[in-house]
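So you can see what is in the structure, the chains are spelled out below.
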Amino acid sequence: ACSRKNTRNAALHPLWQSPLTIPGGTRQSPINIQWRDSVYDPFLKPLKISYDPTTCLHIWNNGYSFLVEFDDSADRSIIIGGPLENQYRLKQFHFHWGAVNDWGSEHTVDCKFYPAELHLVHWNAVEYPSFEEAVMEGNGLAVIGVFLKLGARHEGLQTLVDALPAVRHKDTVIEFDVFDPSCLLPSCPDYWTYAGSLTTPPLTESVTWIIKKKPIEVDEDQLEAFRTLLFTSHGEEERRMVDNFRPLQPLMDRTVRSSFR
Ligand SMILES: N/C(=N\S(N)(=O)=O)N1CCCC1
Ligand SMILES: [Zn+2]
């Protein structure tokens, strides 16, 4: 397990203050990915991603992150291959980040935290009639995780950052009509994959996680922009939206596979 010295001591947001353990949970997320314990699987296929930028609908602040939602009424923005048996439809993407650059990601690699982590949430529309039903099934969801590290300004992210002041408060939303989330993916195809869960309620064990090995770079101003968002609604006492991540969960009887040697 990751030693206490580099675990973050952030005061937990109400969402995470409760024990937040699933009784009998055996595949909870996030986890620490111990690089040397991951097992190369030569049968893992390359992940194929094809997003249609015009399926982008809006950005909204749901009181725990900001999310960009997509029209998932047809197979227009999908992923296929990798560890997946079916194709999965993009529903939304969102981020998790810290109050400071020393932490913020949900997953860690060899106990290293990144300042933020992007999650692209997809659902198995081949086998299930709706996202809500897929959330309850072991192979219902596929989430691509991308680490964000401090570095050069990310031009693609900047269009999102420019929209954040309009969704500063919980339950505010703005139209966001063309955005291609593949600009937020690293060019390196390498990933780890494991069977896990949602990291916020309902915490259901329905996620095939695909964690990209390489981070993308964003600059300090862009991370600071995330930290200007609020957990709170208009009129409430302001609480800055930071440290919106779940603590690491036990690996239990799971193996993390890698798509690379
Ligand atoms: N927790 C979640 N995604 S995550 N953080 O596990 O990727 N979600 C809650 C409902 C829709 C997505
Ligand atoms: Zn997430």
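Residues numbered from 1 in each chain as written. Chains lettered and ligands numbered in written order. Predicted model: local features only at pLDDT ≥ 70, side-chain atom pairs only at ≥ 80, totals over all residues. Heavy atoms only, no water.

Our next topic: the coordination of the zinc ion (ligand 2). Each protein donor to the zinc ion (ligand 2) is listed here as H94 (NE2), H96 (NE2) and H119 (ND1); together their distances run 2.0 Å. For the zinc ion (ligand 2), the four donor atoms in the first shell make angles of 96 to 117 degrees at the metal, a pattern classed as tetrahedral. The sequence motif formed by the donor residues of the zinc ion (ligand 2) is H-x1-H-x22-H. Taken as a pair, H96 in strand β7 (residues 88-97) and H119 in strand β9 (residues 116-123) lie far apart in primary sequence, 23 residues in all. Each member of the pair, H96 as well as H119, carries the same accessibility label: buried. (Donors = N, O, S within 2.8 Å, 3.2 Å for Na, K, Ca; no water. Tetrahedral: all angles 85-135°; square planar, octahedral: opposite > 155°, others 65-115°. Helix = DSSP H or I, 4+ residues; strand = E, 2+ residues; numbered from the N terminus. Buried < 20%, exposed > 50% of the residue type's maximum accessible area, 1.4 Å probe, protein only.)

Quick look at the site of ligand 1 now. In the vicinity of ligand 1, 13 residues are found, and the nearest of them are H94, H119, L198, T199 and T200. Contact between ligand 1 and H94: a nitrogen atom at 3.3 Å from a side-chain N or O atom of the residue. The contact in question runs from a nitrogen atom of ligand 1 to an N or O atom on the side chain of H96, over 3.3 Å. Protein burial of ligand 1: of its 330 Å² of free accessible surface, 88% is covered by the chains. Those elements that provide at least two residues to the shell around ligand 1 are β7 and β9. Sort the elements by how many residues they give to the shell around ligand 1 and β7 lands first, with three residues. Grouping the constituent residues of the shell around ligand 1 by class yields six nonpolar, six polar and one charged. (Near = heavy atom within 4 Å. Polar contact = N/O pair within 3.5 Å; in protein donor to acceptor, adjacent residues only side chain to side chain. Areas by Shrake-Rupley, 256 points an atom, 1.4 Å probe, with all protein chains shown as cover. Nonpolar A, V, L, I, M, F, W, Y, C, P; charged D, E, K, R; others polar.)

Counting residues in hydrophobic clusters, the biggest one holds 43 residues, and the most contacted among them are F66, F93, F95, W97, I144, L160 and F226. For this core, the secondary structure elements donating two or more residues are β4 (56-61), β5 (66-70), β7, β9, β10 (141-150), α3 (155-161), β14 (216-218) and α4 (220-226). Ranked by residues supplied to this core, first place goes to β7 with five residues. Apart from the residues lying within four places of it in its own chain, the contact partners of F226 are F66, F95, W97, L148, L157, V161, L164 and M241. The next biggest cluster of nonpolar side chains, apart from the first, holds 21 residues, and it includes V143, F147, L198 and I211. (Core = buried A, V, L, I, M, F, W, Y, C linked by side-chain atoms within 4.5 Å. Contact = heavy atoms within 4.5 Å.)

It is worth spelling out the pairing of strand β12 (residues 191-196) at this point. Counting buried positions along β12 gives five out of six residues, so the element sits mostly inside the fold. Pairing analysis gives six bridges linking β12 to strand β13 (residues 207-212), with the strands arranged antiparallel. By the bridge assignment, A195 is partnered in β13 with T208. Of the strand pairs in this sheet, β12 and strand β15 (residues 257-258) are connected by two bridges, and their pairing is antiparallel. By the bridge assignment for β15, T193 is matched with R257. (Pairing = 2+ DSSP bridges.)

What follows deals with the environment of E117. Examined against the element boundaries, E117 turns out to sit in strand β9. Residue class for E117 comes out buried when judged on its relative accessible area of 0%. It is 19 Å that separates the C-alpha atoms of E117 and S258, two residues lying 141 residues apart in sequence. Not counting residues within four places of it along the chain, the set of residues in contact with E117 comprises H94, F95, H96, S105, E106, H107, V146, F147, L148 and I211. Engagement of the side chain of E117 in a polar contact is seen with the backbone nitrogen of H107, the distance being 2.8 Å.

Its location among the elements puts D190 in the loop between β11 (173-175) and β12. Taking relative accessible area as the criterion, D190 reaches 16% and is therefore assigned buried. With sequence-adjacent residues up to four places away left out, D190 is seen in contact with K212, K213, S259 and F260.

Take the packing of aromatic side chains next. Enumeration according to the criterion identifies 13 aromatic pairs in this entry. Through pairs of rings, three or more aromatic residues link up here, namely F66, F70, F93, F95, W97, F176, F179 and F226. If you follow K91 out to its NZ or CZ, it ends over the ring of F131, 5.2 Å from the centre. Taking the ring centre of F260 as reference, the NZ or CZ of K213 above it sits at 4.6 Å. (Phe/Tyr/Trp six-rings, centres within 6.5 Å; stacked < 30°, edge-to-face > 60°. Lys NZ or Arg CZ within 6 Å of the ring centre and 35° of its normal.)

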